[in-house]
Amino acid sequence: MRITVVAKQPLPGRVKTRLCPPCTPRQAADLAAAALDDTLDAVARLGVFRTLLRDGHLEADGFDTVDQYGDGLAARLAHGFAALPGPTLLIGMDTPQVTADLLGAACAWLGQADAVLGRAEDGGWWALGLRDPAHGALLRDVPMSTPDTAELTARALRAAGLRTLPLPVLRDVDTMADAHAVAALAPDTRFARAVAALTLPSGDTDAPGPTLAPAGRPGPAVGVPGADAGPRQWGAA
(Lines give C-alpha, C1' and ligand atoms only; values in the text may rest on other atoms or scores of the structure.)
Protein backbone atom coordinates (compact mmCIF):
# COMPACT_ATOMS: atom_id res chain seq x y z
CA MET A 1 0.00 0.00 0.00
CA ARG A 2 1.20 3.48 -0.88
CA ILE A 3 0.05 6.93 0.23
CA THR A 4 0.89 9.72 -2.19
CA VAL A 5 0.66 13.34 -1.04
CA VAL A 6 -0.01 15.88 -3.77
CA ALA A 7 1.99 18.93 -2.75
CA LYS A 8 3.07 22.29 -4.08
CA GLN A 9 6.11 24.05 -2.65
CA PRO A 10 4.65 26.65 -0.26
CA LEU A 11 6.17 29.82 -1.66
CA PRO A 12 4.49 33.23 -1.29
CA GLY A 13 2.19 33.96 -4.20
CA ARG A 14 2.06 30.31 -5.37
CA VAL A 15 -0.14 28.71 -2.71
CA LYS A 16 -3.36 29.52 -0.87
CA THR A 17 -3.95 32.70 -2.87
CA ARG A 18 -7.64 32.66 -1.91
CA LEU A 19 -6.52 33.49 1.65
CA CYS A 20 -5.18 36.83 0.37
CA PRO A 21 -6.62 39.07 1.68
CA PRO A 22 -6.83 39.06 4.64
CA CYS A 23 -3.54 37.10 4.72
CA THR A 24 -0.39 38.37 3.11
CA PRO A 25 1.18 36.01 0.58
CA ARG A 26 3.84 35.15 3.19
CA GLN A 27 1.21 34.30 5.80
CA ALA A 28 -0.71 32.17 3.32
CA ALA A 29 2.48 30.30 2.44
CA ASP A 30 3.18 29.71 6.14
CA LEU A 31 -0.30 28.23 6.60
CA ALA A 32 0.23 25.99 3.57
CA ALA A 33 3.59 24.84 4.95
CA ALA A 34 2.03 24.00 8.31
CA ALA A 35 -0.78 22.06 6.64
CA LEU A 36 1.73 20.11 4.55
CA ASP A 37 3.83 19.30 7.62
CA ASP A 38 0.78 18.00 9.49
CA THR A 39 -0.22 15.86 6.51
CA LEU A 40 3.23 14.36 6.12
CA ASP A 41 3.44 13.62 9.85
CA ALA A 42 0.16 11.70 9.71
CA VAL A 43 1.35 9.66 6.73
CA ALA A 44 4.77 9.01 8.31
CA ARG A 45 3.12 7.24 11.23
CA LEU A 46 1.91 4.45 8.98
CA GLY A 47 3.81 1.44 7.72
CA VAL A 48 3.18 2.17 4.04
CA PHE A 49 5.19 3.31 1.05
CA ARG A 50 5.16 7.12 1.00
CA THR A 51 5.47 9.44 -1.98
CA LEU A 52 5.43 13.18 -2.58
CA LEU A 53 3.82 14.05 -5.91
CA ARG A 54 5.53 17.39 -5.97
CA ASP A 55 5.32 20.72 -7.71
CA GLY A 56 8.55 22.49 -6.81
CA HIS A 57 11.53 21.60 -4.65
CA LEU A 58 10.09 19.35 -1.96
CA GLU A 59 11.74 16.51 -0.09
CA ALA A 60 10.84 14.76 3.16
CA ASP A 61 12.50 11.97 5.10
CA GLY A 62 10.95 8.60 4.32
CA PHE A 63 9.15 9.84 1.19
CA ASP A 64 9.94 9.04 -2.43
CA THR A 65 9.43 11.92 -4.84
CA VAL A 66 7.69 12.09 -8.19
CA ASP A 67 7.48 15.36 -10.11
CA GLN A 68 4.07 16.47 -11.26
CA TYR A 69 3.72 16.26 -15.01
CA GLY A 70 0.95 17.09 -17.43
CA ASP A 71 -1.31 19.85 -18.68
CA GLY A 72 -3.74 20.62 -15.86
CA LEU A 73 -4.42 19.09 -12.48
CA ALA A 74 -6.35 16.09 -13.81
CA ALA A 75 -3.43 15.03 -16.00
CA ARG A 76 -0.95 15.53 -13.15
CA LEU A 77 -3.01 13.36 -10.80
CA ALA A 78 -3.36 10.65 -13.44
CA HIS A 79 0.40 10.74 -13.94
CA GLY A 80 0.91 10.45 -10.19
CA PHE A 81 -1.11 7.24 -10.07
CA ALA A 82 0.60 5.79 -13.13
CA ALA A 83 4.13 6.59 -11.97
CA LEU A 84 4.24 3.99 -9.18
CA PRO A 85 2.90 0.45 -8.82
CA GLY A 86 0.46 -1.04 -6.35
CA PRO A 87 -2.63 0.14 -4.47
CA THR A 88 -2.39 3.88 -3.85
CA LEU A 89 -4.24 6.36 -1.67
CA LEU A 90 -3.74 9.86 -3.04
CA ILE A 91 -4.39 12.82 -0.74
CA GLY A 92 -3.87 16.56 -0.89
CA MET A 93 -2.24 19.03 1.51
CA ASP A 94 -5.37 21.07 2.28
CA THR A 95 -6.76 18.88 5.09
CA PRO A 96 -4.30 19.15 8.00
CA GLN A 97 -6.90 17.57 10.29
CA VAL A 98 -6.25 14.13 8.76
CA THR A 99 -4.91 11.60 11.23
CA ALA A 100 -2.90 8.43 10.92
CA ASP A 101 -5.95 6.50 12.16
CA LEU A 102 -8.14 7.91 9.39
CA LEU A 103 -5.56 7.25 6.70
CA GLY A 104 -4.92 3.77 8.02
CA ALA A 105 -8.65 3.01 7.90
CA ALA A 106 -8.81 4.36 4.34
CA CYS A 107 -6.02 2.00 3.32
CA ALA A 108 -7.82 -0.91 4.97
CA TRP A 109 -11.07 -0.07 3.16
CA LEU A 110 -9.17 0.09 -0.13
CA GLY A 111 -8.20 -3.52 0.50
CA GLN A 112 -11.92 -4.38 0.37
CA ALA A 113 -12.88 -2.41 -2.75
CA ASP A 114 -11.60 -1.19 -6.08
CA ALA A 115 -11.56 2.43 -4.96
CA VAL A 116 -12.23 4.73 -2.03
CA LEU A 117 -13.31 8.35 -2.34
CA GLY A 118 -13.18 11.05 0.32
CA ARG A 119 -15.37 13.97 -0.61
CA ALA A 120 -14.72 17.52 0.56
CA GLU A 121 -17.47 19.79 1.81
CA ASP A 122 -17.00 22.15 -1.14
CA GLY A 123 -17.77 19.45 -3.71
CA GLY A 124 -14.22 18.39 -4.44
CA TRP A 125 -12.39 15.48 -2.89
CA TRP A 126 -9.56 15.22 -0.38
CA ALA A 127 -8.63 11.58 -1.03
CA LEU A 128 -8.89 9.03 -3.80
CA GLY A 129 -7.63 5.49 -3.44
CA LEU A 130 -7.28 3.03 -6.31
CA ARG A 131 -6.36 -0.63 -5.93
CA ASP A 132 -5.13 -0.61 -9.53
CA PRO A 133 -3.34 2.72 -10.17
CA ALA A 134 -3.90 2.30 -13.93
CA HIS A 135 -7.47 3.45 -13.26
CA GLY A 136 -6.04 6.88 -12.49
CA ALA A 137 -6.37 7.52 -16.22
CA LEU A 138 -10.10 7.98 -15.58
CA LEU A 139 -9.29 11.34 -13.99
CA ARG A 140 -8.14 12.84 -17.28
CA ASP A 141 -11.75 13.49 -18.29
CA VAL A 142 -12.90 14.81 -14.88
CA PRO A 143 -13.01 18.61 -14.43
CA MET A 144 -11.02 19.56 -11.33
CA SER A 145 -11.59 22.33 -8.79
CA THR A 146 -15.34 22.59 -9.44
CA PRO A 147 -18.30 22.18 -7.07
CA ASP A 148 -19.10 18.80 -8.64
CA THR A 149 -15.62 17.34 -9.04
CA ALA A 150 -16.26 14.62 -6.44
CA GLU A 151 -19.57 13.61 -7.99
CA LEU A 152 -18.07 13.49 -11.47
CA THR A 153 -15.18 11.42 -10.14
CA ALA A 154 -17.62 9.01 -8.50
CA ARG A 155 -19.54 8.70 -11.77
CA ALA A 156 -16.33 7.95 -13.68
CA LEU A 157 -15.44 5.23 -11.19
CA ARG A 158 -18.92 3.69 -11.42
CA ALA A 159 -18.90 3.84 -15.21
CA ALA A 160 -15.66 1.87 -15.19
CA GLY A 161 -17.29 -0.78 -13.03
CA LEU A 162 -15.21 0.01 -9.94
CA ARG A 163 -16.68 -0.80 -6.53
CA THR A 164 -16.11 2.38 -4.53
CA LEU A 165 -16.37 2.86 -0.78
CA PRO A 166 -16.89 6.35 0.68
CA LEU A 167 -14.50 7.94 3.16
CA PRO A 168 -15.58 10.58 5.70
CA VAL A 169 -16.37 14.00 4.28
CA LEU A 170 -13.77 16.59 5.33
CA ARG A 171 -13.53 20.35 5.08
CA ASP A 172 -10.49 21.53 3.15
CA VAL A 173 -8.83 24.90 3.55
CA ASP A 174 -9.55 27.42 0.82
CA THR A 175 -10.74 30.50 2.73
CA MET A 176 -10.06 32.04 6.14
CA ALA A 177 -13.40 30.71 7.35
CA ASP A 178 -12.16 27.25 6.39
CA ALA A 179 -8.84 27.86 8.11
CA HIS A 180 -10.47 28.81 11.42
CA ALA A 181 -12.94 25.94 11.24
CA VAL A 182 -10.27 23.32 10.49
CA ALA A 183 -7.95 24.71 13.17
CA ALA A 184 -10.77 24.38 15.70
CA LEU A 185 -11.30 20.76 14.65
CA ALA A 186 -7.61 19.92 15.06
CA PRO A 187 -6.16 22.18 17.78
CA ASP A 188 -3.10 19.96 18.38
CA THR A 189 -1.59 20.66 14.96
CA ARG A 190 1.01 22.95 13.49
CA PHE A 191 -1.75 24.37 11.32
CA ALA A 192 -3.86 25.41 14.32
CA ARG A 193 -0.85 27.08 15.92
CA ALA A 194 -0.08 28.90 12.67
CA VAL A 195 -3.66 30.16 12.47
CA ALA A 196 -3.54 31.27 16.12
CA ALA A 197 -0.30 33.16 15.48
CA LEU A 198 -1.71 35.21 12.60
CA THR A 199 -1.95 38.95 12.94
CA LEU A 200 -4.66 40.00 10.52
CA PRO A 201 -6.32 43.35 9.75
CA SER A 202 -9.26 44.19 12.00
CA GLY A 203 -11.57 43.83 9.01
CA ASP A 204 -11.09 40.06 8.86
CA THR A 205 -14.76 39.13 8.98
CA ASP A 206 -14.11 35.43 8.56
CA ALA A 207 -12.38 35.10 11.91
CA PRO A 208 -14.40 33.63 14.83
CA GLY A 209 -14.73 35.43 18.14
CA PRO A 210 -12.35 33.45 20.35
CA THR A 211 -8.69 33.02 19.47
CA LEU A 212 -7.34 29.49 19.37
CA ALA A 213 -4.60 28.87 21.90
CA PRO A 214 -1.50 27.01 20.74
CA ALA A 215 -1.62 23.37 21.70
CA GLY A 216 0.95 20.69 22.32
CA ARG A 217 2.24 18.52 19.51
CA PRO A 218 1.59 14.80 19.27
CA GLY A 219 4.36 12.44 20.33
CA PRO A 220 7.00 11.31 17.86
CA ALA A 221 6.40 8.33 15.66
CA VAL A 222 8.38 5.26 16.61
CA GLY A 223 10.95 4.33 14.00
CA VAL A 224 9.88 6.99 11.48
CA PRO A 225 12.83 9.18 10.45
CA GLY A 226 12.00 12.85 10.58
CA ALA A 227 8.45 12.47 11.91
CA ASP A 228 7.51 15.34 14.20
CA ALA A 229 11.08 16.60 14.14
CA GLY A 230 10.10 20.26 13.88
CA PRO A 231 9.07 22.41 10.93
CA ARG A 232 10.48 21.33 7.58
CA GLN A 233 12.21 23.90 5.42
CA TRP A 234 10.15 24.46 2.29
CA GLY A 235 11.84 27.62 0.98
CA ALA A 236 13.51 28.04 -2.36
CA ALA A 237 16.37 25.62 -3.02
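Just so it is clear, the model here is predicted, and its values are computed rather than measured.

### A closer look at the confidence of the model for the protein chain
Stage number 1. Here the protein chain averages 88 in pLDDT, and 85% of its residues register 70 or above.
Stage number 2. Of the regions scoring below 50 in pLDDT, residues 205–229 engages in 43 contacts with residues more than four places distant in sequence or in other chains.

### Some remarks on the pairing of strand β2 (residues 49–55)
Stage number 1. Of all seven residues in β2, five are buried, a share of seventy percent or more.
Stage number 2. With helix α1 (residues 25–44) bridging strand β1 (residues 2–8) and its parallel neighbour β2, the resulting β-α-β unit is right-handed.
Stage number 3. Here β2 runs beside strand β3 (residues 64–67); their pairing, made up of four bridges, is parallel. Following the sheet pairing, Thr51 is matched in β3 by Asp64.

### Some remarks on the sheet that holds β2
Stage number 1. Reading across the sheet, the seven strands line up as β3-β2-β1-β4-β6-β5-β7 and stay open at both edges, with mixed pairing between neighbours. With one partner strand each, in any of the chains shown, β3 and β7 (164–170) form the two edges of the open sheet. The mean inter-strand angle of the sheet, taken between neighbouring strand axes irrespective of direction, is 20°.
Stage number 2. Note: strand β5 (residues 115–120) against β7, five bridges, orientation parallel. What sits directly across from Ala115, in β7, is Thr164.
Stage number 3. Against the sheet, helix α4 (residues 149–159) touches β5, β6 (125–130) and β7, its axis set at about 165° to β5.

What counts, and at which threshold
- Residues numbered from 1 in each chain as written.
- Predicted model: local features only at pLDDT ≥ 70, side-chain atom pairs only at ≥ 80, totals over all residues.
- Heavy atoms only, no water.
- pLDDT = per-residue confidence, 0-100.
- Contact = heavy atoms within 4.5 Å.
- Buried < 20%, exposed > 50% of the residue type's maximum accessible area, 1.4 Å probe, protein only.
- Helix = DSSP H or I, 4+ residues; strand = E, 2+ residues; numbered from the N terminus.
- Right-handed = clockwise from strand over helix to strand, strands pointing away.
- Pairing = 2+ DSSP bridges.
- Axes fitted to C-alpha atoms, helices over the stretch in contact; angles between N-to-C directions.

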